[in-house]
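Spelled out from the first residue to the last, the chains are:
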Amino acid sequence: MKKDDVFFDSLVAHVNRKEWWHVPPCDPSAYSKRGKFFASSFREAEFWGRPLDEPQRVAVRKPLIGDEETIEKRLFGRPVSSEEITMEDRWKLDAMMRRAALSKGYDSLVLMAPKAFAEFQSTGKLPRSMELNVLKLGKAKRGAAVRVGEVILPDRTDVSGRAGISRRGSRI
């Protein structure tokens, strides 16, 4: 097994066992346009607004991993963002990135700082700070296995009042 495969597998395992913080967007349709964004800590999520009270877990299998420039080069063949990008243009770019990543078979994007990504590539050291964009969303159903690349939502009961799946994936 190659070194890169070991690093990839360790990062995927880390992402899947970690609790992630999410700030709900103002526009509920934003999830289907851009995906669902997560921060690795409550403090990092606060940059975008008020995070949910409970962290969430995810299940991903094939993320595209890198710093911003690397991810854009992989998706578009060149870097397309800049420091001066407006928020509206950023949202449009996020939507383009989601479509491009899904078309190439990725289920999520894992964003690292350039220095942290370089260290991860050379040593396999997992960075303390990451951003995650899960591109496909769905609810875990009672008795069903959680599908890969989807967020495990913290539903406690369904409409009928029966027990659902906890945020850790176990029955309540």
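Basis of the calculations
- Residues numbered from 1 in each chain as written.
- Predicted model: local features only at pLDDT ≥ 70, side-chain atom pairs only at ≥ 80, totals over all residues.
- Heavy atoms only, no water.
- Helix = DSSP H or I, 4+ residues; strand = E, 2+ residues; numbered from the N terminus.
- Buried < 20%, exposed > 50% of the residue type's maximum accessible area, 1.4 Å probe, protein only.
- Lys, Arg positive; Asp, Glu negative; His and termini not counted.
- Salt bridge = Lys/Arg side-chain N within 4 Å of Asp/Glu carboxyl O.
- Contact = heavy atoms within 4.5 Å.
- Expected span 1.5 Å × (residues − 1).
- Core = buried A, V, L, I, M, F, W, Y, C linked by side-chain atoms within 4.5 Å.
- Pairing = 2+ DSSP bridges.
- Axes fitted to C-alpha atoms, helices over the stretch in contact; angles between N-to-C directions.

Here we look at the side chain of Glu-72
Move 1: Secondary-structure assignment places Glu-72 in helix H4 (residues 68–76).
Move 2: No salt bridge is formed by the buried Glu-72; the nearest opposite charge belongs to Arg-90, separated by 4.4 Å.
Move 3: Apart from residues lying up to four places away in sequence, Glu-72 is in contact with Gly-77, Arg-78, Pro-79, Val-80, Ser-81, Arg-90, Leu-93 and Met-97.

Here we look at helix H5 (residues 87–103)
Move 1: With 17 residues, H5 ought to run about 24 Å at 1.5 Å a step, and its terminal C-alpha atoms sit 24 Å apart, in line with that.
Move 2: For H5, the complete set of buried residues consists of Arg-90, Leu-93, Asp-94, Ala-95, Met-97, Arg-98, Ala-100 and Ala-101.
Move 3: Lining the buried residues of H5 we find helix H2 (30–34), strand S1 (36–39), H4 and strand S4 (108–111).

Quick look at the nonpolar core
Move 1: Counting residues in each nonpolar core, the largest one holds 16 residues, and the members touching the most others are Leu-11, Val-15, Val-58, Val-110, Met-112 and Leu-132.
Move 2: Elements with a minimum of two residues in this core: helix H1 (3–17), helix H6 (114–123) and strand S5 (131–134).
Move 3: Excluding anything up to four places from it in sequence, Val-110 contacts Leu-11, Val-15, Pro-63, Leu-64, Ile-65, Gly-66, Ile-71, Met-130, Glu-131 and Leu-132.
Move 4: Core analysis: the second largest hydrophobic core is formed by ten residues, Leu-75, Leu-93, Met-97 and Leu-135 among them.

Here we look at the sheet that holds strand S3 (residues 63–66)
Move 1: Ordered in space as S1-S5-S4-S3, the four strands form an open sheet in which the pairing is mixed. Both edges of this open sheet fall to S1 and S3, since each of them pairs with a single strand only. Taken over all neighbouring pairs, the strand axes of this sheet differ in orientation by 15° on average, direction set aside.
Move 2: As paired strands, S4 and S5 are joined by four bridges and run antiparallel to one another. Among the inter-strand pairings, Ser-108 is bridged to a residue of S5, identified as Val-134.
Move 3: In this fold H4 packs onto S3 and S4, with an angle of close to 130° to the strand it touches most, S3.

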